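Residues per chain are reported as follows:
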Amino acid sequence: MNMHTFIDFIMGEMVIVSFVIFIAGTCGRLLWTFIHINKTENFIFSYLSFKYSLRSILAWLTPFLPVSSRKKPFFYSISYTFHILLFIVPIFLLSHITLFEEYLNWSWISINDTSADILTIIVILCTLFFVTRRVVVKEVKYITRTSDFVFIIIASLPFITGFLAYHQLFAYKIIMIAHVISGEIMLILIPFTRFFHMFIAPIIRAYTGSEFGNVRGAKDW
Amino acid sequence: MQETSTKDSETDTKVIDEGVEKGLKGLTPEKIELVINQVLKNETGARLKLYIDTCMRCSLCADACSFFLSNDRAPEFSPAGKVKQTLHEMIRLKGKVSKDTLRNIVRIAHTECNVCKRCSMYCPFGIDIAYMILLVRRICHKLEITPLYIQDTVNSHAATMNQMWVKEDEWIDTLQWQEEDAREEFENLRIPLDKDGADIMYSVIAPEPKFQAGLIYQSAVIHHAADINWTMPSFPGWDNSNMAMFTGDYEISGRIAKAHYEAATKLHVKKIVMGECGHAFRSVFDVGNRWMGWAMPPVDVIHAIEFYHYLLTSGRIKIKDKFKETVTLHDPCNISRGRGLHDKARELVDMLCESFIEMTPNKEHNYCCGAGGGAINCGPPWKINRMVNNREKADQIKRTGAKVLIAPCHNCHSGLEDILHYYDQDMEVKFFGDLIFNAMDKTIYKGGE
Amino acid sequence: MRDIEKWDWETSEKEILVNKWINDYNWIEEIKVSQDGENIASIVSTGEAEFGICVNGELWDESFEKAWSLQFTPSQKLVSLVSNDEEWAVCIDGNSWESKFDYIWDLKVNSKGVGASVQVDGKYGMVVNGIAWGDLFENISGTVLNENGDSAAVVQVDPISQADIERYNNGIYSVSVNGILASEKHTNIWDISFNSTGSEVAYSIRKNRTDYSIGRNKSIWDNTFQCSWKPVFTNNNEVIAPVRKGGKWYLYKDDKQLWKNNYLQLLNLAVSGDNISVAISDSYGKWSVSENDIKWDFRCDKIISDLFYSDSGKTLIALFKNNKYWDIAVNNKIWGLKADKLWKPHISDNEEIITTRMEKDGKYYLVVNGNVHNEGFEMIFEPEISSDSSKILLKVLDMGVYKRKILPLDQLL
Ligand code: HEM
Ligand code: SF4
Ligand code: SF4
């Protein structure tokens, strides 16, 4: 395989494969999760309430509504920023949209390149913050495992490589390939690693919110 | 262990508990491995997997825990840190846990967590750490290494269906004696025993007949003055407390709940009114019933706060003189976080007292009294640790500057008295019942007024 | 025995003024009514720390410092637990037993007589028809009195000091039948049942902190379980019991699995002839009845409090609560009562009439075959059905007057 066909592959079929694995894996794992709940602890369903699930999820999505977030405004600001940018930057990046337009003829609004560049730096700084926190804050350090660092690194790689690629630093081609691959790896890994927390978060929230609100008449934020 | 006058500032990890030691002696590595794996495999499901897989180890739960705060933010006391040292250790080692580790695990699970669920409100996912700690206790129960004193309490529950080895005749005799004494207040007062078809069954925890019979006197006066059609069972099932749910002895816990509800259905009452206890409320309302398969209480249960609130707002009890001294209120976890009764409690305070100072944090966010979750029931060997581990609560109370502390829960009551004493705070702890009894107009309610 | 035929089924209404008693005494306690409806009684306060038993307006000769647990026996005798000079006795129709105790409680009456738990000098046992057990024990619980007058209870055989969990684990409890130890010692024992002749007992045990089993006389089943409920004897003298294995409940007979299906919960075992019924939960928080392992189709979400067969075994009745209300299901058919309080019904000899009483919004009503009688009362006592199943004996309190009414069923239905 020569360089070109390889690049075509990772930017063509591989993208599709990654998305397919991501979507299928996510659906599969979610399905399995519900089957597992039903098989082992189906009593959970009798306490679930749509109203209180939603109440809890919305409360926790609202920045600085939960007491927990007010006690740690600095951390939560960073975490909210990080999580929001994690979606915004790749989705609204012009060069990503261009690719979509090329292949699928889909397009949507984009952010300009300078903003994207700044936001990317912010994401990278956020991940740096997470790493530092794991080393410095003793209660976090106490429960941190090596995999937590790996996890943050995997999450940050697409941004770091993207940044380098955009600025054409180092060997552009290699960096570009690394960027595409790291993005794909992350996508593929989502269903199979703790990245999956984004899908489980609302499920646990719904249950806790229902137990607190529906059964015990209390708030959970 | 005797209380010392010098204040310890660190948790003693070397406390010897006879119950734990005896249990450990009888264990083989094979048995340990077998029991741990059996419980993990057969008694857990999706919930545990989701919690374990999803925890980001961010330690946002740490600041929720009064143990963590009381111990100068020592990471071993953070909620996730406690799970790491206990449940995680068992999972990581696939059940091959040494006896020394087990000793550590029992201490943490039983005496360094009140299973108060406060951390669930600080974890952005809402992960239920208390559930995981209780799971560890379940394993300890099956390994028979539960701390001595709380195990003795569970033994009492199993044998007598009450927490304090109260014999059946002692129970009835106490009620009759309180009834007789309370005729000081109303000459025709009764504590109706086994009254078939009464509207309300009043249930208490066993320490009331054992040590605090005066509380039964007070509540008899309140019921009588309010002209309530009530009864108390003369037979087992009268005790609403449940330490088995805190040792992971779910079979006994379920049996206790069964006895309680069967007493209510046998007497054909509409409602169970419970005395001022929080853990008992949790047991009857939320835990024991579930093991039995009663998703929600089969007979309505209300905590004394709701009952008193009804009596005062409906005019069944009239308040003559409000309490003058400044009071503050401790929200017991199991009825605030556990039932959302904190607003009603404040309304009660308002109806009963002239001056009130909030304790902060409060309502759902209040700190546990430190005695909860069975911690106080682990008994004398652990008492100093409990004091040390609860400095945050003592500080919280001190900040209010109030002279009187209302604690509508037995566990909290005892636990708070302990820390007030230990931290040399001059404050009196009271139940709502005490306040109502003293402030009420002692005339009998006539309907239609 | 209840010789129902001899009761007055003709006089359509008799009255007793209870109002008057309220003026005669400091206070009166709950009104108790004999099954034939002819006698009503209450403990009454006759002076400071002085109580009398008032029957149809007449006081028993003796007065007491304390009296409680007043009840009528099936043979229309009136029994109370009474105390004078710190001594307790059973008093029947005004005559106290010779035998006195330091405390007496847990009064049980049936057609063969009267039994109770007693305490003498800190030792515990039972007394039946005036005769106390020869041996007394450290403590007593879970008493039973069968129709032959046999008594049994879980007794604590050995004393135990505070927090002696080791000794407790080794077993300090045993079953005593008529005062004689009838089982080995176990960590815990609960829920004793007699067989039909009273010659055998079955009970639930805990062997150690986590293993449960079923005991029968001096032996126990080989299988151990995670939990077990009250065992019951079948007509063929086999023992059946709900037991828990792997987090599910199974029905076992003589140490072998009896029903194929398992359930989330099995409660209230009822046996008649070859038929066995249990209140079951088959999905979390939902309750039904399974008869011979075949489920009824109704479901309720709160509780099934009583489940029982008629004498012939043809009728199976469940008393249950769904949502906020109590109701009855007869042979898988729901009545639809919406009661706030509801009592166990009576079944007529020909099984055509089923009657009980209920409370709704503070008034008490007669219920016959699922129809709620339109007249509400201050109180209704257990209704009775004539042996030819043509009349109902209704006993009510109405505006301070006790009324004994005979209602022809053809007018009711
Ligand atoms: C929309 C759904 C998501 C939710 C609700 C969510 C929620 C959370 C929560 C509650 C935490 C722990 C506390 C914190 O750091 O704020 C967290 C941490 C983290 N999340 Fe997410 N997340 C989501 C999506 C994602 C995605 C898509 C990624 C990356 C691919 C991601 C990466 C991370 C990382 C790296 C951390 C760890 C921070 C650390 O190690 O300290 N999250 N997430
Ligand atoms: S449940 Fe309460 S005591 Fe236990 S770790 Fe959480 S906050 Fe701390
Ligand atoms: S806050 Fe929640 S996710 Fe974070 S460490 Fe605690 S339990 Fe885990």
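Residues numbered from 1 in each chain as written. Chains lettered and ligands numbered in written order. Predicted model: local features only at pLDDT ≥ 70, side-chain atom pairs only at ≥ 80, totals over all residues. Heavy atoms only, no water.

Caption draft 1: A look at the side chain of Lys405 of chain C. Following the sequence through the fold, Lys405 of chain C ends up in strand S43 (residues 401-408). For Lys405 of chain C, the residues in contact, after removing those within four places along its chain, are Ser12, Glu13, Glu375, Phe377, Ile392, Leu393, Leu394 and Val396 of chain C. (Helix = DSSP H or I, 4+ residues; strand = E, 2+ residues; numbered from the N terminus. Contact = heavy atoms within 4.5 Å.)

Caption draft 2: Main features of the site of ligand 1. Residues and elements named next belong to chain A. Around ligand 1 lies a shell of 20 residues, among which Ser79, His83, Leu86, Arg134 and His197 are the nearest. Broken down by secondary-structure element, the contributors of at least two residues to the shell around ligand 1 are helix H6 (73-92), helix H8 (113-136), helix H10 (146-166) and helix H12 (197-215). Partitioning the shell around ligand 1 into residue classes produces 16 nonpolar, 3 polar and 1 charged. (Near = heavy atom within 4 Å. Nonpolar A, V, L, I, M, F, W, Y, C, P; charged D, E, K, R; others polar.)

Caption draft 3: Region of the structure containing a negative patch on the surface. Among the surface-exposed residues, Glu65, Asp85, Glu86, Glu87, Asp102 and Asp121 of chain C lie close enough to one another that they form a single negatively charged patch. Position of Glu65 of chain C relative to the elements: it lies in the loop between strand S6 (58-59) and strand S7 (66-72). (Patch = residues over 30% accessible without salt bridge, like charges linked within 9 Å, V, L, I, M, F, W, Y side chains within 5 Å. Areas by Shrake-Rupley, 256 points an atom, 1.4 Å probe, with all protein chains shown as cover. Salt bridge = Lys/Arg side-chain N within 4 Å of Asp/Glu carboxyl O. Lys, Arg positive; Asp, Glu negative; His and termini not counted. Charge placed at Lys NZ, Arg CZ, Asp CG, Glu CD.)

Caption draft 4: Here's a closer look at the coordination of the iron atom of ligand 1. Residue and element names in this part refer to chain A. The coordination sphere of the iron atom of ligand 1, as far as protein atoms go, consists of His83 (NE2) and His197 (NE2), spread over 1.9 to 2.0 Å. Overall, His83 belongs to the partly exposed group, its relative accessible area being 32%. A residue is classified by how much of its surface remains accessible, and His197, at 14% relative accessible area, is buried. (Donors = N, O, S within 2.8 Å, 3.2 Å for Na, K, Ca; no water. Buried < 20%, exposed > 50% of the residue type's maximum accessible area, 1.4 Å probe, protein only.)

Caption draft 5: Representation of the sheet that holds strand S22 (residues 219-220) of chain C within the structure. All names here are of chain C. In spatial order, the strands read S19-S20-S21-S22; together these 4 strands make up an open sheet with antiparallel pairing. Of all the strands in the sheet, just strand S19 (188-194) and S22 have a single pairing partner and so form its edges. Where strand S21 (residues 212-216) and S22 come together, 2 bridges link them in antiparallel fashion. Its bridge partner being in S22, Gly215 is matched across the sheet by Ile220. (Pairing = 2+ DSSP bridges.)

Caption draft 6: Quick peek at the state of the cysteines. Residue and element names in this part refer to chain B. One pass over the structure, following the stated rule, counts 0 disulfides over all chains. With no disulfide of its own, Cys378 lies 11 Å from the sulfur of Cys140, the closest cysteine sulfur. With relative accessibility at 0%, the residue Cys378 sits in the buried group. (Disulfide = S-S within 2.5 Å.)

Caption draft 7: Up close: the site of ligand 2. Inspection of the region around ligand 2 gives Cys65, Phe67, Pro79, Lys82, Cys113, Asn114, Val115, Cys116, Lys117, Arg118 and Cys119 of chain B as its neighbouring residues. Taken together, the residues of the shell around ligand 2 sort by class into 7 nonpolar, 1 polar and 3 charged.

Caption draft 8: Structural detail: the packing of aromatic side chains. This model, assessed by the stated rule, comprises 45 aromatic pairs over all chains. With a centroid separation of 5.6 Å and an interplanar angle of 90°, the aromatic rings of Phe74 of chain A and Phe129 of chain A are classed as edge-to-face. In this pair, Phe74 of chain A sits in helix H6 while Phe129 of chain A sits in helix H8, placing the two residues 55 residues apart along the sequence. What makes Phe129 of chain A buried here is its relative accessible area of 19%. One aromatic cluster is present, formed by Phe64, Phe74, Phe75, Tyr76, Tyr80, Phe82, Phe129 and Phe130 of chain A through successive ring pairs. Between the NZ or CZ atom of Arg290 of chain B and the centre of the ring of Tyr47 of chain A, over which it lies, the distance is 3.8 Å. The positively charged end of Lys442 of chain B is found above the aromatic ring belonging to Phe437 of chain B, 4.2 Å away from the centroid. (Phe/Tyr/Trp six-rings, centres within 6.5 Å; stacked < 30°, edge-to-face > 60°. Lys NZ or Arg CZ within 6 Å of the ring centre and 35° of its normal.)

Function cannot be read off these values alone, since they describe shape.
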